Amino acid sequence: MIYLDNSATTPTDPRVVAAMQPYWSEVFGNASSLHAAGKAADAAIQRSIETIARVVNCRDGGPPELVFTSGGTEADNLALKGVAHAMRARGRGNHVITTAAEHHAVLDVAQELAGEGFDVTFLPVDSTGRVTPAQVVEAMRPDTVLVSILYASNEIGSINPIADIGAAIKEKNRRVPFHTDAVQAPGLLPLDVQALNVDLMSLAGHKCYGPKGIGVLVVRRAIGLKAQIVGGGQQAHRRSGTEPLPLIVGLARALELAEAERTATCARLVDLRDELVRQVLANVPEATLTGHPQERLAGHSSFVLRWLNGDSILLDLSELGICASGGSACTSGQQEPSHVLLACGVDSDRLMGQMRFVLGKHNTAAHVERLVYHLRTLVERHRAMAPQPG
């Protein structure tokens, strides 16, 4: 099998599995318990917090700046709902800013907030799926209570200038919290929240060779956050529920490894990705690259095909042992155009021809060659069978 769907999920690194192993049945206590087993569990969580705090450059100790969640989706939900509701309750305002090309974990929550009476601005993106600091600042108002901008797109790989956006927000109004969905970033982009000028950042374990079922929301301590899960008061009442000790340990180890190996990993993946893009554009007729040609995630390539159904070709690739997606794995199989491609203004004759090939640590040049060979053959076959427009 050739796995080219690393934006959807990644295999768990054996080193992460090894780090988690003792916390299933050896150190297994509830971190809220006062006895020795509970204290051992709490100590492991505190060590994990310190590790993650170093990776993202937030303070550790005292009230937590890290809130562990079930994944990136919950982290995004907590960020948007938690901040918007807390700020409105304080009488600070009712206005939220995001973009039309966010992951559904942000987009759907923003739409839900709009249904609750919040005034939500969905900023348009350019043809590469990006927004500018000027756009964000121009949209800000005295009653703005939150800005949420995607760090990097899971569908098209484009990277937003988050640090510049954050700096512009702070220059206009330091009291407006800035959140970024950075789920795609670990191991590929810097995670230093101070340098990025963000107040909240969402991360997920399974996108960076860690376990599924665990995420974290980095929250600056001064930010008000209304809990979305209550009943127990864990994590300083920001997210109740017994902490999943093995998963937290795994997340910390995965993020630690991702950051330590980021420079070397990116250098290799960029070269491999550029070769993949070059070969696809040279060998697959009417294939068009989506997203920004340079400001995109290392390893991420995404295309649209004219007058063809990308899912059909991807199913044929799967039969040949090549795993890839049409866009977001969360919406795979839905017979409707991607909201990201629509926001980017992709021509209607290409909207259903979306395909995404995302390289990971285990991919090689031989994988790229095999993909391009089969993709070219399948596209030719599907185009010969497809009804001709007009």
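Visitor: I would appreciate a short explanation of the overall build of the protein in the present structure.
Guide: Secondary structure summary: the protein contains 13 helices and 12 strands in total. Here the C-alpha atoms of the protein give a radius of gyration of 21 Å, agreeing with the 21 Å that 2.2 N^0.38 yields for 390 residues. Its C-alpha atoms give the protein principal-axis dimensions of roughly 70 × 50 × 35 Å. In the protein, which comprises 390 residues, the proportion classed as buried is 56%. Across the protein, every contact between residues at least 6 apart in sequence was considered, and the portion connecting residues at least 24 apart equals 74%. For the protein, the accessible surface area stands at approximately 16,000 Å², while carbon and sulfur atoms represent 53% of it. A gap of 4 Å separates the mean positions of the 36 positive and 40 negative side-chain charges of the protein.

Visitor: Can you help me understand the pairing of strand E12 (residues 354-358) in this one?
Guide: The side chains of a regular strand alternate between both faces of the sheet. Here E12 lies mainly inside the structure; five of its five residues are buried. Because side chains alternate across E12, one face comprises the buried residues Gln354, Arg356 and Val358, and the other comprises Met355 and Phe357, equally buried.

Visitor: How do you make sense of the side chain of His300 when you look at a structure like this?
Guide: Topologically, His300 is positioned in strand E10 (residues 300-305). Apart from residues no more than four positions distant in its own chain, His300 is found in contact with Ser7, Ser153, Asn154, Glu155, Ile156, Gly157, Arg273, Arg356, Phe357 and Val358.

Visitor: Just to check I follow, could you spell out the sheet that holds E10 for this structure?
Guide: What links the strands of a sheet is backbone hydrogen bonding, and the strands pair in either a parallel or an antiparallel sense. One open sheet accounts for three strands, arranged E9-E10-E12; its pairing is antiparallel. Looking at strand neighbours, the two that pair on one side only are strand E9 (287-289) and E12, the edges of this open sheet. Each adjacent strand pair in this sheet contributes to an overall mean axis angle of 30°, direction not counted. Judged from the five bridges that link them, E10 and E12 form a sheet pairing that is antiparallel. Looking at the pairing, His300 lines up with Val358 of E12. Strand contacts of helix H11 (residues 310-319): E10 and E12, with the helix running at about 40° to E12, the strand carrying the most contacts.

Visitor: Got a minute to help me understand the nonpolar core in this structure?
Guide: One broad trend across soluble globular proteins is that nonpolar side chains are buried collectively. Core analysis: the largest hydrophobic core is formed by 63 residues, its most contacted members being Val56, Phe68 and Met201. With 10 residues, helix H9 (residues 245-260) is the single largest residue contributor to this core. Beyond its immediate sequence surroundings of up to four residues, Val56 is in contact with Leu191, Asp192, Val193, Met201, Leu203 and Val218. One finds Ile2, Ala287, Leu305 and Leu371 within the second-largest nonpolar core, a separate group that totals 29 residues.

Conventions adopted
Residues numbered from 1 in each chain as written. Predicted model: local features only at pLDDT ≥ 70, side-chain atom pairs only at ≥ 80, totals over all residues. Heavy atoms only, no water. Helix = DSSP H or I, 4+ residues; strand = E, 2+ residues; numbered from the N terminus. Rg over C-alpha atoms; globule rule 2.2 N^0.38 Å. Buried < 20%, exposed > 50% of the residue type's maximum accessible area, 1.4 Å probe, protein only. Contact = heavy atoms within 4.5 Å. Areas by Shrake-Rupley, 256 points an atom, 1.4 Å probe, with all protein chains shown as cover. Lys, Arg positive; Asp, Glu negative; His and termini not counted. Charge placed at Lys NZ, Arg CZ, Asp CG, Glu CD. Pairing = 2+ DSSP bridges. Axes fitted to C-alpha atoms, helices over the stretch in contact; angles between N-to-C directions. Core = buried A, V, L, I, M, F, W, Y, C linked by side-chain atoms within 4.5 Å.

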